[in-house]
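Fold and contact review
Each chain, written out:
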Amino acid sequence: MITTDCVYERAVDGFGTVRLVRVDPDRDAELLHGWVSGERARFWGMRDAGVDDVREIYAHLDSLTTHHAFLAYRDGVPVALFQTYEPEADRVSECYDAEPDDIGVHLLLAPTNAPERGFSSHLVSALVSYALTGHRRIVAEPDAANDKAIALLVRNGFEPGPEVVLPEVVLPEVHIAEKRARLLFLTR
């Protein structure tokens, strides 16, 4: 198991130990490419990205002080990509009144051939605990058509907010397409 850059560890009764490890673009690009390029990750918006594209995207993200990417491990096995960001430094702030102690999150569960009842909720519980450290409110903005992600967040205490259109971002180092999203909030 990789322990370098471990930022959080929590034992979850009946589930195992969850660790968050900073994404290393060189080390993790191939793994992440396998996750983000599959049909089940279509809402992630990276299906056409190659391994080098994934490496570049996460190298750019790693250069920011406002956005962070982590691999979530369960008992030493990578099970999710978890990203946090400061909403005031993100396009989502154009769609709601972001507050200084808000934190935004993105979650992509790793593909599995053996789904486990309660897995997602146990993992989300640990990730929420991490995200709320030093923050009062979490905002999530899954694609409005991603019924599974929205239902998962609602089951885990998030309150649905409005449907919004996140504006396109075009910068020399990054391009993010416009996205119809559902805002969801969890307040401590």
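Everything numeric in this text was worked out from a predicted model, so none of it was measured.

**Description of the pattern of salt bridges**
- A complete count under the given rule lists 14 salt bridges for this structure.
- The partner of E116 in a salt bridge is R74, and the shortest N-O contact between them spans 2.8 Å. You can see E116 sitting in the loop between β5 (102-109) and α3 (119-131) and its partner R74 sitting in strand β3 (residues 67-74), a full 42 residues away along the chain.
- Overall, the relative accessible area of 41% leaves E116 in the partly exposed class.
- Several salt bridges converge on common partners, so that one network encompasses E99, D101, D102, R136 and R137.

**Some words on the pairing of strand β10 (residues 179-187)**
- Pairing geometry for strand β6 (residues 137-140) and β10, over 4 bridges, is antiparallel. By the bridge assignment for β10, V139 is matched with F185.
- Relative to β10, strand β7 (residues 159-166) runs antiparallel, the two sharing 6 bridges. The residue of β10 that forms the bridge with V164 is A181.

**Regarding the sheet that holds β7**
- Pairing in this open sheet of 8 strands is mixed, and the strands run β1-β2-β3-β4-β5-β6-β10-β7 from one edge to the other. On the outer flanks of this sheet lie β1 (6-12) and β7, each paired with one strand and no other. Looking at each pair of strands side by side, their axes are set apart by 25° on average, direction ignored.
- Two elements, β3 and strand β4 (residues 77-85), share 8 bridges in a ladder whose sense is antiparallel. Residue F70 lies in a different strand from β4, and its bridge partner there is F82.
- Packing of helix α1 (residues 25-36) onto the sheet brings it into contact with β2 (16-22), β3, β4 and β5, and relative to β4 it is tilted by some 90°.
- Strands β3 and β4 of the sheet are contacted by helix α2 (residues 51-63), whose axis makes an angle of about 115° with β3.

**Focus on the nonpolar core**
- L20, A72, F82, L123, V128, I138 and F158 are the most contacted members of the largest nonpolar core, which totals 30 residues.
- For this core, the leading source of residues is α3, giving 8 residues.
- Those residues within four positions of L20 in sequence are excluded, and the remaining contacts are D5, C6, V7, Y8, F70, L71, A72, F82, L127 and Y130.
- Of all hydrophobic cores here, the second largest spans 17 residues; its members include V21, W35, A69 and Y73.

Reading the values: rules and limits
Residues numbered from 1 in each chain as written. Predicted model: local features only at pLDDT ≥ 70, side-chain atom pairs only at ≥ 80, totals over all residues. Heavy atoms only, no water. Salt bridge = Lys/Arg side-chain N within 4 Å of Asp/Glu carboxyl O. Helix = DSSP H or I, 4+ residues; strand = E, 2+ residues; numbered from the N terminus. Buried < 20%, exposed > 50% of the residue type's maximum accessible area, 1.4 Å probe, protein only. Pairing = 2+ DSSP bridges. Axes fitted to C-alpha atoms, helices over the stretch in contact; angles between N-to-C directions. Contact = heavy atoms within 4.5 Å. Core = buried A, V, L, I, M, F, W, Y, C linked by side-chain atoms within 4.5 Å.

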